[in-house]
Amino acid sequence: MSNKRVTLKARQVSFAWDDTPLHWLPDDPFTTHTINVLHLLLPAGERWFVHVYKQVLPFIRDDRLREDVIGFIGQEAMHSQAHDEVLPHLREQGLDPTPYTAQVDWFFEKLLGDRTLPPGRARQWWLMERVALIAAIEHYTAFLGNWVLNADELDRRGADPTMLDLLRWHGAEEVEHRSVAFELFMHLDGGYRRRARTWATAFTALIFLWQRGARFFMENDPTLLDGKASFKAFYRGGKEGVLPSTGDMLRSIPRYLSRGYHPEQEGDTEQAVAYLATSPAATAAEAREGAAR
Ligand SMILES: [Fe+2]
Ligand SMILES: [Fe+2]
């Protein structure tokens, strides 16, 4: 395992969705839709990361960290866009996500947006609270990125190659930049009580939004008569290796809450970089950039 620091750059990927079936994991609508929730949460969520971090840049007193945060902003903006581009394809297949994405937009833009606060302590408190929330969420994006890079069962079951590449390109960049949000939080605040409190908020919100999203997709899938999402199905998917396992998820909690936590301990930079060197979307982006230079 190697975790040497890499310079973060945004790869300008694009994906063609025309050949991707509605159930991109064959005969498994539940797993397909559980993972599809990413396309609902990430566009608004990652746009919100970028929005918050742009406000934070002037407070960073470390040049290397500032450079990392700028690289992080570029990557997250691209992730948000790439997941957003899946939504018209779902709509064409009869699955209109608008009722759900409208709620997610409200959640990130209004509930977690800039409140009308006077400059000073309250405004600073709310900014730090959001910086800490992002660090907690990034614990999970790194967890998921590391998971999908190693989820060979998806290949064995014939998952759509374009969707797998989107998930693994994104997952690899999450592993690549997994330390940035936590290091930024430690640099600006680092309070343990804030870390624990915002972890609880982030974890609760993620579980809540995720299960609602999976249920939304299952209930509105035009090919399913009685589509349901359940914890039992999630647990089974984890056992079979097509979803993260419940045990791994539970074990990740004390790691984030331990005083010695550092995201370096999660995932493998070398594996992420190796995937990006062979990813169809990332290599095509690189070739386009090379031709434009
Ligand atoms: Fe991301
Ligand atoms: Fe990220």
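Structure shown above.
The following paragraphs examine the structure supplied in this document. (Residues numbered from 1 in each chain as written. Chains lettered and ligands numbered in written order. Predicted model: local features only at pLDDT ≥ 70, side-chain atom pairs only at ≥ 80, totals over all residues. Heavy atoms only, no water.)

1. Some details on the packing of aromatic side chains
Remark: the centre distance and the inter-plane angle together describe each pair of aromatic rings, the angle taken between the planes.
In step 1: Taken as a whole and assessed by the stated rule, the structure comprises 18 aromatic pairs.
In step 2: Here the aromatic rings of phenylalanine 216 and phenylalanine 217 are separated by 6.0 Å at their centres, their planes lie at 55°, and the arrangement is tilted.
In step 3: Taking the relative accessible area as the measure of exposure, phenylalanine 216 reaches 14% and is therefore buried.
In step 4: Classification of phenylalanine 217 as buried rests on a relative accessible area of 0%.
In step 5: An aromatic cluster of at least three residues, connected via ring pairs, comprises Trp48, Phe49, Tyr53, Phe72, Phe107 and Phe108.
In step 6: Over the aromatic face of tryptophan 126 sits the side chain of arginine 115, whose NZ or CZ is 3.5 Å from the ring centroid.
In step 7: For arginine 195, the ring lying beneath its charged end belongs to tyrosine 256, and the centroid distance is 5.9 Å. (Phe/Tyr/Trp six-rings, centres within 6.5 Å; stacked < 30°, edge-to-face > 60°. Buried < 20%, exposed > 50% of the residue type's maximum accessible area, 1.4 Å probe, protein only. Lys NZ or Arg CZ within 6 Å of the ring centre and 35° of its normal.)

2. Here's the deal with the coordination of the iron ion (ligand 2)
In step 1: Looking at the iron ion (ligand 2), one finds its protein donor set to be Glu76 (OE), Glu138 (OE), Glu138 (OE), Glu174 (OE), Glu174 (OE) and His177 (NE2), positioned 1.9 to 2.7 Å from the metal centre.
In step 2: The coordination sphere of the iron ion (ligand 2) comprises 6 donor atoms, whose angles at the metal cover 53 to 147°; the geometry is irregular.
In step 3: Donor residues for the iron ion (ligand 2) sit on one chain with the sequence pattern E-x61-E-x35-E-x2-H.
In step 4: Taken as a pair, the iron ion (ligand 2) and the iron ion (ligand 1) lie 3.7 Å from each other and share glutamate 76 as a ligand. Comparing glutamate 174 with histidine 177 shows no difference in burial state: the two are buried. (Donors = N, O, S within 2.8 Å, 3.2 Å for Na, K, Ca; no water. Tetrahedral: all angles 85-135°; square planar, octahedral: opposite > 155°, others 65-115°.)

3. Topic: the environment of histidine 177
In step 1: You can see histidine 177 is positioned in the loop between α7 (161-176) and α8 (180-188).
In step 2: For histidine 177, a relative accessible area of 0% translates into the label buried.
In step 3: Considered as a pair, histidine 177 and glutamate 264 are 87 residues apart in the sequence and their alpha carbons are 9.7 Å apart.
In step 4: Setting aside its immediate chain neighbours within four residues, histidine 177 contacts Leu8, Phe72, Gln75, Glu76, His79 and Glu138. (Helix = DSSP H or I, 4+ residues; strand = E, 2+ residues; numbered from the N terminus. Contact = heavy atoms within 4.5 Å.)

4. Describing the pattern of salt bridges
In step 1: Taken as a whole and judged by the stated rule, the model has 17 salt bridges.
In step 2: Across the pair glutamate 129 and arginine 194 runs a salt bridge, and its minimum N-O distance is 2.9 Å. Of this pair, glutamate 129 sits in helix α5 (residues 121-149) while arginine 194 sits in helix α9 (residues 192-220), and the two are 65 residues apart along the sequence.
In step 3: Residue classification places glutamate 129 among the buried residues on the basis of a relative accessible area of 8%.
In step 4: For arginine 194, a relative accessible area of 10% translates into the label buried.
In step 5: Here lysine 228 and aspartate 226 are joined by a salt bridge, their closest N and O atoms 3.1 Å apart. Comparing lysine 228 with aspartate 226 shows no difference in burial state: the two are exposed. (Salt bridge = Lys/Arg side-chain N within 4 Å of Asp/Glu carboxyl O.)

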